[in-house]
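# Structure assessment
Residues per chain are reported as follows:
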Amino acid sequence: MSVNHGHGGRRLPRRPQSFDPYEVTAIYENPATGWRESVPRRAWLWMLLFGLFYMAARNLWRPFAFTLVVLIGTLLVAWPLLFIVAPAFWILAAVQAQRMFREHYMRLGWEEIDPWHQDGEA
C-alpha cells in the first residue's frame, strides 16, 4: 500500500466490484472513478414497500422531489384526492423503478455494464 504525500492521504488499491447477474438487472459505472452501482431485480418490490424512503436511500432525488411536490400540491389543493393520488404514485414508482434508475445514471453520464460480462470484455 502506497502513501500519497501530495494529497495528504492513503490511496487504497481498488478492488474490482462484481455483482451476481442473477440478483441485478443492470450495472452502471462512473467512467471518471470506475465506481459501479447495481440495480437489484427486486427494486420494484423495495419501491412498493418503502416508496419515497427507498428513492432517498438510493439518491433518486429528482423523482423523489417530483413525487413530493405532487403529493404536497394535492394535499394543499384538494386533500381528499390524496387518497387516490398517493397510492397511484406509489404503484407507478414501483412499476417504473428500473426506468427511473436507468434515467438517473444515464443523466449523470454513467455507462451501463452488461451484468453477464462485468470483467471488461466487450
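Residues numbered from 1 in each chain as written. Predicted model: local features only at pLDDT ≥ 70, side-chain atom pairs only at ≥ 80, totals over all residues. Heavy atoms only, no water.

## What about the pattern of salt bridges?
Side-chain pairs of opposite charge can arise where the charged atoms are in close proximity. Applied cut-off: When a carboxyl oxygen of Asp or Glu is within 4 Å of a side-chain nitrogen of Lys or Arg, the pair counts as a salt bridge. When accessible area is computed with a 1.4 Å probe and restricted to protein chains, residues below 20% of their type maximum are described as buried, those above 50% as exposed, and intermediate ones as partly exposed. The numbering of helices and of strands both runs from the N terminus, where a helix is a DSSP run of H or I of at least 4 residues and a strand a run of E of at least 2.
Taken as a whole and judged by the stated rule, the model has three salt bridges. For the salt bridge of E29 with R36, the shortest nitrogen-to-oxygen distance reads 3.1 Å. Residues E29 and R36 agree in their burial class; the two are buried. The salt bridge partner of E112 is R102, with a shortest N-O separation of 3.0 Å. Residue E112 is located in strand β5 (residues 111-113), and its partner R102 is located in helix α5 (residues 97-107); the two are separated by 10 residues in the primary sequence.

## Some words on unusual backbone geometry
One non-glycine residue, N59, lies in positive phi territory at about 65°. Relative to the helices and strands, N59 is located in the loop between α2 (52-57) and α3 (61-77).

## Structural notes on helix α4 (residues 82-95)
Rules: Multiplying one less than the number of residues by 1.5 Å gives the expected span of a helix. An arc is given here, and it is the one of the directions from the helix axis to the C-beta atoms. By definition in these notes, contact holds between two residues if any of their heavy atoms fall within 4.5 Å.
Its 14 residues place the ends of α4 20 Å apart at the C-alpha level, agreeing with the 20 Å of an ideal helix rising 1.5 Å per residue. Taken residue by residue, α4 has V85, A93 and A94 as its buried positions. Buried residues of α4, seen end-on, are gathered within an arc of 165° and therefore sit on one face of the element. Set apart from the buried face of α4 by more than 90 degrees, the exposed residues are F83, I84 and V95. Buried residues along α4 sit in contact with α1 (43-50), α2, α3 and α5.

Function-wise, these values are silent; they only describe arrangement.
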